[in-house]
Each structure stands twice: as C-alpha cells, then as structure tokens.
Amino acid sequence: MPTKVIAVANQKGGVGKTTTAVNLAACMAAVGRRVLLFDLDPQANATSGVGLEKLEGASAYRVLLGEGGLLEKVRSTLFERLEVIPSEMDLCGLDIELPRAENHLQQVGRALKPVLEAQRFDVVLVDCPPSLGVLTLNALAAADGVLVPLQCEYYALEGISMLNRIMSQLHQNGINSRLELVGVVMTMYDGRTKLSQQVVSEVREHFGERVFETMIPRSTRLAEAPSFGKPIIHYDKYSSGAAAYELLAQEFLARLDKS
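Residues numbered from 1 in each chain as written. Predicted model: local features only at pLDDT ≥ 70, side-chain atom pairs only at ≥ 80, totals over all residues. Heavy atoms only, no water.

1. Regarding unusual backbone geometry
Positioned with a positive phi, Ala44 is a non-glycine residue whose angle comes to about 60°. With respect to the helices, strands and loops of the structure, Ala44 is situated in the loop between strand E2 (35-39) and helix H2 (45-49). Residue class for Ala44 comes out buried when judged on its relative accessible area of 1%. Phi angles above zero are rare outside glycine, and Gln119 is one such case at about 55°. Structurally, the position occupied by Gln119 is in the loop between helix H5 (107-118) and strand E5 (123-127). You can call Gln119 exposed: its relative accessible area is 55%. (Helix = DSSP H or I, 4+ residues; strand = E, 2+ residues; numbered from the N terminus. Buried < 20%, exposed > 50% of the residue type's maximum accessible area, 1.4 Å probe, protein only.)

Below, the structure is given as structure tokens:
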C-alpha cells in the first residue's frame, strides 16, 4: 500500500487539532501502523506532545527552502512505530520566504517525495498551523486527504466552509486534484449540554457520513497528557479520552484502507 498523507487542519485555533494529530498518530502506531507525525505548526505543540524538545534546526524549515532532505529530520520517539519531524518557531518565517519561491505551494510535496518513496511509513499525519496560510496550503497541496477536528461550539461550521472553499480551489487549479475530505471529528464533546448535541446534529446534517461516529469528550486527562510529553494512551490508557482516540483510530484506518 502506498503511504497516505493526511493533513489535520482547521484554521480556527483551540479546536483540538494538535491533540487529535498526536493521539491519532499514537493510536495508529499502537495497532501496528508505521506513522510519521509531521509537525508543521511553528508552535511545535505536537513535537512536545510526544516528548521531544523544540530544538533549533530540527524542523523542516531549511528543507522547505531547498536545503537538505526531509528524511534526515525524522526523529524517533519513545513510542514504537511512531516517528516525528519536529517543529520550531523558525517555521513562522516561511510565511514570508516561501511565496518568493517558484511553485511555492508545492514545497511540502517536493520535500515529502523521498519520504514516500522510501516506504518507511504507512501514514504521514501533518499537523497544520491554525490558519490558512502558506504552510497549511502547502500541506493541503501535498495531502491525499484532510481530517478536520471541529469543536462542539456555536461557530464550528464557519471554519469548515472556508476550508471547503480552499479544497475546491486546489482541485480546480490542478494543484491537487486527489485531495478529499477524509472526515470530520467532533472534539470537546459534552453530552450533558444541549449545545454540544445541537452542534453535532447540525454538522451531521451538513456532512452526513463524513462525520466520524466517535466523538472526543472534554477531558482533564487529555488536557494534562501533553505536559508529560505523552499521548493519552500512554499517559492514562483507561481514560475516556484514550478510549475515544482508540475508537477514532479504528474508524479512521477503516476509511483509509477503503480509499
């Protein structure tokens, strides 16, 4: 099976995007998939979330400017089958520097090519910044699919309509005609509130089967895990958050295997 590249994206911040990227990656690795987590967010929360330090020069920054190769940036984690391309603050500079390059939306795709040809990984999960800037657009241009985390709150659908528009443009412009929405995952769900239930109902009405059955609950343990540099299944494997991400990983892999 060729390596699948999936961008985890939502231009709204605070929707559980990095939490989903880290924990989905860890759960897929735990069931035997070889996973590369590509941290493309200058905040580097996915990097620290799997226990790696934010080190200067460790990210894809130079590679995306045409210096060196991405395979040299791959780092092991303490978790079997889960490897990472770390991030650092320098990636912020690419918003200014990349648009000066020729084919500037294709630089992540170009850098990923040797990684995909090496066939070391089954899945590459790209954690995008919370914006629709040049880094996110590069990730979308390189990806086979997009996974969108949506918070169970009133403004949830606003963010996704913009993302849909961008995906359509990438199709129409011939930049990435294979890009598809793998699914929408509802995060920070609280079944006791009417608001959560209404938002989920509205999103399901809008996206139908694209919405994953599994919903990620609001959870203190999920919020604590990154400060220990561990995905939730390695921090508290009996928590509700761990159970939710394990189920999401099963659903997600079933969709990937079909596509």
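2. Some details on a nonpolar patch on the surface
Judged by side-chain polarity, Tyr154, Tyr155 and Leu195 come together as a nonpolar surface patch covering roughly 380 Å² of accessible area. Here Tyr154 shows up in the loop between strand E6 (145-151) and helix H7 (156-172). With a relative accessible area of 68%, Tyr154 lands in the exposed category. (Patch = residues over 30% accessible without salt bridge, like charges linked within 9 Å, V, L, I, M, F, W, Y side chains within 5 Å. Areas by Shrake-Rupley, 256 points an atom, 1.4 Å probe, with all protein chains shown as cover. Salt bridge = Lys/Arg side-chain N within 4 Å of Asp/Glu carboxyl O.)

3. As for the packing of H5 against helix H6 (residues 134-142)
Where H5 meets H6, the axes come as close as 7 Å, and the angle between the chain directions of the two elements is 50°. If you check the angle between H5 and H6, you find them oblique. In this structure, H5 crosses over H6, and the sense of that crossing is right-handed. Contacts between H5 and H6 involve Gln107, Val108, Gly109 and Leu112 from the former and Asn138, Ala139 and Ala142 from the latter. In terms of residue class, the contact of H5 with H6 is made up of four nonpolar, three polar and no charged. (Axes fitted to C-alpha atoms, helices over the stretch in contact; angles between N-to-C directions. Parallel < 35°, antiparallel > 145°, perpendicular 65-115°, else oblique. Left-handed = near helix turned anticlockwise from the far one by under 90°. Contact = heavy atoms within 4.5 Å. Nonpolar A, V, L, I, M, F, W, Y, C, P; charged D, E, K, R; others polar.)

4. Points about the pairing of E6
Most of E6 is tucked away, with seven of its seven residues classed as buried. Here E6 shows a buried face lined by Gly145, Leu147, Pro149 and Gln151 and a second buried face lined by Val146, Val148 and Leu150. Sheet analysis places strand E1 (residues 4-8) next to E6, joined by three bridges and oriented parallel. Residue pairing for E6: Ala7 is matched across the bridge by Val146. Relative to strand E7 (residues 180-187), E6 runs parallel, the two sharing seven bridges. Each residue of the ladder has a partner; that of Pro149, found in E7, is Val185. Tracing the backbone out of E6, into H7 and back to the parallel element E7 gives a crossover that is right-handed. (Pairing = 2+ DSSP bridges. Right-handed = clockwise from strand over helix to strand, strands pointing away.)

5. Remarks on the pattern of salt bridges
Taken as a whole and assessed by the stated rule, the structure comprises 13 salt bridges. Ionic pairing is found between Glu67 and Arg62, a salt bridge with its closest N-O pair at 3.4 Å. The class of Glu67 is partly exposed, set by a relative accessible area of 42%. Since its relative accessible area comes to 39%, Arg62 is described here as partly exposed. A salt bridge links Asp144 to Arg178, with the nearest nitrogen and oxygen atoms 2.8 Å apart. Placement of Asp144 in the loop between H6 and E6 and of Arg178 in the loop between H7 and E7 is noted, with a sequence separation of 34 residues between them. Arg178 gets classed as partly exposed once you look at its relative accessible area, which sits at 45%.

6. Considerations on the packing of aromatic side chains
The tally for this structure, following the rule as stated, stands at two aromatic pairs. Centre to centre, the rings of Tyr154 and Tyr155 are 5.3 Å apart; their planes meet at 75°, and the pair counts as edge-to-face. Of the residues examined, Tyr155 reaches a relative accessible area of 45% and is grouped as partly exposed. When the ring centre of Phe212 is taken as reference, the NZ or CZ atom of Arg255 above it lies at 3.9 Å. (Phe/Tyr/Trp six-rings, centres within 6.5 Å; stacked < 30°, edge-to-face > 60°. Lys NZ or Arg CZ within 6 Å of the ring centre and 35° of its normal.)

7. Some details on the sheet that holds E5
Strand-to-strand pairing in sheets goes through backbone hydrogen bonds, with the strands running parallel or antiparallel. Within the open sheet, the seven strands sit side by side as E3-E4-E2-E5-E1-E6-E7. Their pairing is mixed. Edge positions in the sheet fall to strand E3 (75-76) and E7, since each of these pairs with one other strand and no more. Across four bridges, the pairing between E2 and strand E4 (residues 82-85) is parallel. Bridge assignment links Leu37 to a residue of E4, and that residue is Val84. Across the face of the sheet, helix H1 (residues 17-30) comes into contact with E1, E2, E4, E5, E6 and E7 while running at roughly 165° to E5.

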